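Chain by chain, the residues:
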Amino acid sequence: MSKAAQLDRDAVRIGDLVIGPGLPVVVIGGEDARWLRLPADGDSPEARSIRPAGKAVTETAAEMARGTAGDGVGEERARWAGPLLVEPSSAVDLPAVARHADAVVLGPAWVREPGLVGAVARLGLPVILQRGVDQRGRVVTLEEWLAAADHCASEGNEAIVLCEGGGRTEPAAASHLSPSDLAPTPATLDRAPGPAPDSALHSAPDLAIMRAARERTGRPVLAALGRDGGLAGAAVAAGADGLLLDPAAPPEARAAAGEAATVLAALVRPQSPRTLTETRGEIDRVDAALAVLLERRALLAARIQRLKPVGGFRGRDMERERRLVAGMARRAPRLGVRRLAPIMNAVIEAGLHAAEEERDRDGR
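A brief report on the enclosed structure follows. (Residues numbered from 1 in each chain as written. Predicted model: local features only at pLDDT ≥ 70, side-chain atom pairs only at ≥ 80, totals over all residues. Heavy atoms only, no water.)

Description of the environment of N345
No. 1: When you line up the elements, N345 lands in helix α13 (residues 336-362).
No. 2: By relative accessible area, which is 30% here, N345 ends up partly exposed.
No. 3: For the pair N345 and E321, spaced 24 residues apart in sequence, the C-alpha to C-alpha distance is 8.3 Å. (Helix = DSSP H or I, 4+ residues; strand = E, 2+ residues; numbered from the N terminus. Buried < 20%, exposed > 50% of the residue type's maximum accessible area, 1.4 Å probe, protein only.)

Shown next as structure tokens:
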């Protein structure tokens, strides 16, 4: 494998976004990138929506008759200068995708279809291959998923991102379906699918399979969260290089994903910044994590002041503080006891002052 191909395999560039190990966790469907699903000709008005992240633009059949899916991609491209990912409805959409998109999303219904995977790979755009459950309840296996990635690579395209959408299923309302859940099956790629079902299977990402895919291929991996940001932290801790949110995910889901990518990633994800800008970005994420932990510590310190017989500055336990600093020095040898001691003294005093001010405000 050439050096360029190896770089494509380890880290994939989508517009100005780079996804891979040692890099910041990205949120697709959040502030980092947008993606949209192109509607099929036979979709119901509810399903015929081109929904970039953070929006819910539903077009009626009459409105769609005045335009094409390609127009929709071009319009979104004009509105959004950042990375744009598109999930095609059929092979007919690929010319528009090639003109305007920065990457292509292939849902679980299409991962089993070598013809479409090959056609998409030949566009020369990065490809996101999503494993999961299609609208008929069929689960894409790990082997089928990785075989699709190999087929894409055999067409000369190594810019592949594996996206884990889940295999453990439970009944869910149609309002909770991800766009990939409503994708046509391979047999209907060139004709309109029937109306979207009223209910289908909703799945959560299988983080163990996501990790296995990373270990076996070395490729970047995403966790597809649908419209629920509740698993964002677990996905980051499990090693996800990015989080994929449904285009219609609510603001609270995008906020949860953004917090996990910023705060938790700074604690659990080794980073290898290469430039001044990247290094400053990583420092910003570490500082965000520090702020969260300092606020949590201040709240706990305030509770201790209410529980101790003698609180405030008079109740300080200097021996306990020395043990605390010594324990921290084992985790931060570069700073050591000498540098950590004044830092922790400032943190402790700030917490005590905050607790006293809170007590005075409450009249206690």
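Notes on the pairing of strand β11 (residues 221-226)
Within a regular strand, the side chains alternate between the two sheet faces.
No. 1: By the criterion of burial, β11 is predominantly enclosed, with six of the six residues buried.
No. 2: Neither face of β11 is left uncovered, since the one carrying V221, A223 and L225 and the one carrying L222, A224 and G226 both have all their residues buried.
No. 3: Taken together, the four bridges between β11 and strand β12 (residues 242-245) define a ladder with parallel strand orientation. When the bridges of β12 are listed, A223 appears paired with L243.
No. 4: Handedness of the β11-helix α9 (residues 232-237)-β12 crossover: right-handed. (Pairing = 2+ DSSP bridges. Right-handed = clockwise from strand over helix to strand, strands pointing away.)

Some remarks on the sheet that holds strand β8 (residues 160-164)
No. 1: Strand order in the open sheet made by the eight strands is β3-β12-β11-β8-β7-β6-β5-β4, with parallel pairing throughout. Strands at the two margins of the open sheet, each flanked by one partner only, are β3 (26-28) and β4 (34-37). Between one strand axis and the next, the sheet turns through 25 degrees on average, direction left out of account.
No. 2: Sheet strands touched by helix α6 (residues 114-121): β6 (103-106) and β7 (127-131). Its angle to β6, the strand with the most contacts, is close to 170 degrees. (Axes fitted to C-alpha atoms, helices over the stretch in contact; angles between N-to-C directions. Contact = heavy atoms within 4.5 Å.)

Looking at the nonpolar core
The nonpolar side chains of soluble globular proteins are, as a tendency, buried together.
No. 1: Ranked by size, the top nonpolar core spans 52 residues in total, and within it V86, L106, L129, L162 and L243 carry the most contacts.
No. 2: Of the residues forming this core, the biggest block, seven residues, is contributed by helix α7 (residues 142-154).
No. 3: With sequence-adjacent residues up to four places away left out, L106 is seen in contact with P88, V111, L116, V117, V120, V127, I128, L129 and Q130. (Core = buried A, V, L, I, M, F, W, Y, C linked by side-chain atoms within 4.5 Å.)

Section: the packing of helix α12 (residues 318-331) against α13
No. 1: Across the interface, α12 lies against α13 with an axial gap of 9 Å and an inter-helix angle of 125 degrees. Comparing their axes, α13 and α12 come out oblique. As α12 packs across α13, the resulting crossing turns out to be right-handed. Contacts between α12 and α13 involve E321, L324, V325, A326, M328 and A329 on the former and, on the latter, G336, V337, L340, A341, M344 and I348.
No. 2: Residue classes in the contact of α12 with α13 are distributed as 10 nonpolar, one polar and one charged. (Parallel < 35°, antiparallel > 145°, perpendicular 65-115°, else oblique. Left-handed = near helix turned anticlockwise from the far one by under 90°. Nonpolar A, V, L, I, M, F, W, Y, C, P; charged D, E, K, R; others polar.)

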